[in-house]
Amino acid sequence: ITLDKYANKKPTPPPELNRQAKVVVSVPEIASAIINKQFTTYFQPKILLANGMIKGVETLIRWQHPEKGMIMPNDFIPLAEEHGLIHDITLQVLEMSLEWLQYWHAHGLNLNVAINLSSLSLADLGLVEQIDQRVSNSGITPQSITLEITETAVMADVALSLNSLARLRLKGFGLSIDDYGTGFSSMQQLARIPFTELKIDRSFVDGASDSLQLSNMLSIAIETARKLGLHCVAEGVENADDWVLLKRLGCDTAQGYLAAKPMPGDELIDWIKQNSK
Ligand code: C2E
Ligand code: CA
Ligand code: CA
Ligand code: CA
């Protein structure tokens, strides 16, 4: 008998699947949302497969639009990137995440927070400095922060990415390669960059327990992480069979609707209380 509460759990239907069709927004609306601080942060737990404990959370931005309601990142982040607004959004997300970290610390919770960095940020050395400065000012150590960068973003220009990423790593930030498996990088290329974590894209995770092809690819990705000495995370874990498979294949951490959906920062404390033990 395994004492793994997630191994037999039925996932609750996530509200995000019921969300409305794509919301159309304009560039001036995004600019105004930055000025008027209409963004908020949700947090999704990353769970250690070995013991079910929370390892950290990923920050996921939400836009609370005064008329259009809650807008999801895929509906405005690409436009913000295209029009030079992502820099300011990244800094707001960082600041909100730091405030929540301080709040959780005050409640005795020592969590790591992962923040998504846009591909464009890798060319922005000013941003690297601004991130470091804000973290120093907050009294939070860079070791409490992981920066997630997609595999495709890094591989688009390894030399350029290496510069920003090496600086961040030297300062103590964790570096995660996000959406791994979608970018066709070689082990050699990966080894050049000082990553600390490899996050397998959910297209390899969801349904892997029912597909020999997916489970083989999953196993190779987990093996790659191990050979590179990286902490291995699987994203998009929605069902118990995939959870059990990941555990068996030696993946370190799982993130997905099975364990928890993204939630506001104050709900996280209740969630941890209810789910520890
Ligand atoms: P991502 O970094 O790959 O984040 C994971 C996405 O998968 C999130 O969607 C999350 O809510 C969703 N997800 C989590 N568990 C499951 C699951 O079990 N099943 C399924 N089907 N989905 C799951 P979300 O919050 O809509 O974010 C979408 C993308 O927007 C993110 O993908 C990331 O690329 C981007 N994003 C989110 N927040 C930020 C941010 O602060 N800055 C930047 N630059 N990009 C962000
Ligand atoms: Ca991510
Ligand atoms: Ca991802
Ligand atoms: Ca993904």
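Here the structure is shown first, and the text comes after it.
Counting of residues starts from 1 at the beginning of each chain's written sequence and follows it residue by residue. Each chain gets a letter, beginning with A, and each ligand a number, beginning with 1, in the order they are written. Local features in this predicted model are restricted to residues whose pLDDT is 70 or higher, and side-chain atom pairs enter the listing and the counts only when it is 80 or higher, whereas totals over whole chains, interfaces and linings include all residues. Hydrogens and waters are ignored; side-chain quantities use all the structure's heavy atoms.

**Q** Describe in detail the coordination of the calcium ion (ligand 3), supporting the description with residues and values.
**A** Looking at the calcium ion (ligand 3), one finds its protein donor set to be Asp178 (OD), Asp179 (OD), Glu235 (OE) and Glu235 (OE), positioned 2.1 to 3.0 Å from the metal centre. The rule for donors is simple: N, O or S, within 2.8 Å of the metal, or within 3.2 Å if the metal is Na, K or Ca. Water isn't counted, so a site may look like it is missing partners. Considered as a linear motif, the donors of the calcium ion (ligand 3) on their single chain read D-D-x55-E. Taken as an interatomic distance, the gap from the calcium ion (ligand 3) to the calcium ion (ligand 2) is 3.7 Å; Asp178 donates to each of them. On the criterion of sequence distance, the pair formed by Asp178 in strand E6 (residues 174-180) and Glu235 in strand E8 (residues 231-235) is long-range, its members being 57 residues apart. A run of H or I in DSSP becomes a helix once it reaches four residues, and a run of E becomes a strand once it reaches two; helices and strands are each numbered from the N terminus.

**Q** Please set out the site of ligand 1 residue by residue, giving values where relevant.
**A** Residues in contact with ligand 1 amount to 23 residues; listed here are only the nearest, Gln44, Arg62, Arg202, Glu238 and Tyr257. A distance of 3.1 Å separates an oxygen atom of ligand 1 from a polar atom in the side chain of Arg202. As used in this structure description, the phrase polar contact means that two N or O atoms lie within 3.5 Å; if the pair is within protein, one of them must be able to donate a hydrogen and the other to accept it, and residues adjacent in sequence are counted only when both atoms belong to side chains. Glu238 places a side-chain nitrogen or oxygen 2.5 Å from a nitrogen atom of ligand 1. All accessible areas in this document rest on Shrake-Rupley with a 1.4 Å probe, and a residue is counted as covered only by the protein chains that are shown. Relative to its free-state accessible area of 800 Å², ligand 1 is covered by the protein chains to the extent of 88%. Among the elements of the structure, strand E2 (54-65), helix H3 (86-106) and E6 are those that each provide at least two residues to the shell around ligand 1. The element that contributes the greatest number of residues to the shell around ligand 1 is E2, accounting for 4 residues. Residue proximity to a molecule or strand is established when one non-hydrogen atom of the residue lies within 4 Å of it.

**Q** Can you tell me about the coordination of the calcium ion (ligand 4), naming the residues and giving the values?
**A** Taken together, the protein donors to the calcium ion (ligand 4) comprise Asp179 (OD), Asp201 (OD) and Glu235 (OE), at separations of 2.2 to 2.5 Å. Between the two metals, the calcium ion (ligand 4) and the calcium ion (ligand 3), the spacing is 3.3 Å, and Asp179 donates to both. Of this pair, Asp201 sits in the loop between strand E7 (197-200) and helix H8 (202-205) while Glu235 is found in strand E8, placing the two residues 34 residues apart along the sequence.

**Q** Go over the packing of H3 against helix H4 (residues 125-138) with me, naming the residues and quoting the values.
**A** Throughout, an axis means a line fitted to C-alpha atoms (over the contacting stretch in the case of helices), and angles, computed between N-to-C directions, take values from 0 to 180 degrees. Two elements in contact, H3 and H4, have axes separated by 10 Å at closest approach and are oriented at 20 degrees. The orientation of H3 with respect to H4, classified from their angle, is roughly parallel. Between H3 and H4 the crossing geometry is right-handed. Of H4, the residues touching H3 (which contributes His87, Thr90, Leu91, Leu94, Glu95, Leu98 and Gln102) are Leu127, Gln130, Ile131, Arg134, Val135 and Ser138. Roughly parallel refers to an angle under 35 degrees, roughly antiparallel to one over 145, roughly perpendicular to one between 65 and 115, and oblique to any angle outside these ranges. Take the far helix as the reference: if the near one is turned anticlockwise from it by less than a right angle, the crossing is left-handed, and if turned clockwise, right-handed. Contacts are residue-level and defined by heavy atoms, with any inter-residue pair within 4.5 Å sufficient.

Nothing here speaks to function; it is geometry throughout.
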